[in-house]
Amino acid sequence: MNLVASSAGLSAGVYTATLVLQSVNTIPQFVNVPITFTIGGSGNISISSLGNGASFAQAFAPGES
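This text gives an overview of the structure that appears in the document. Because the structure is a prediction, the values reported are computed rather than measured.

**Considering the overall build of the protein**
When its secondary structure is counted, the protein shows zero helices and four strands. Along its sequence from the N terminus, the protein presents helices and strands in the succession β-β-β-β. Per-residue burial over the protein gives 2% buried out of 65 residues. The long-range fraction of contacts in the protein, counting pairs at least 24 apart against all pairs at least 6 apart in sequence, stands at 26%. For the protein, the accessible surface area stands at approximately 5,800 Å², while carbon and sulfur atoms represent 57% of it.

Okay, here's the thing in structure tokens:
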């Protein structure tokens, strides 16, 4: 499968879609594949830390691998 998208007529931003693959003789009979399409530059983005979703405590220090 080869999925091709064109940004013609779309403004800069992030677009999302869900590709649904379906087959009668398989288990599961369908699979949802999330698709993200980014148009334009992402700018100068940097991640300075990650946080725990439950406690909001910082999980990693900047520059840590």
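**Let's talk about the environment of Ser-6**
Among the structural elements, Ser-6 can be located in the segment before β1 (13-22). For the pair formed by Ser-6 and Phe-37, sequence separation is 31 residues and the distance between their alpha carbons is 9.6 Å. At 3.3 Å, the side chain of Ser-6 forms a polar contact with the backbone nitrogen of Ala-8.

**A word on the environment of Val-14**
Secondary-structure assignment places Val-14 in strand β1. Residues contacting Val-14, with those up to four places away along its chain left out, are Thr-36, Phe-37 and Thr-38.

What counts and what doesn't
- Residues numbered from 1 in each chain as written.
- Predicted model: local features only at pLDDT ≥ 70, side-chain atom pairs only at ≥ 80, totals over all residues.
- Heavy atoms only, no water.
- Helix = DSSP H or I, 4+ residues; strand = E, 2+ residues; numbered from the N terminus.
- Buried < 20%, exposed > 50% of the residue type's maximum accessible area, 1.4 Å probe, protein only.
- Contact = heavy atoms within 4.5 Å.
- Areas by Shrake-Rupley, 256 points an atom, 1.4 Å probe, with all protein chains shown as cover.
- Polar contact = N/O pair within 3.5 Å; in protein donor to acceptor, adjacent residues only side chain to side chain.

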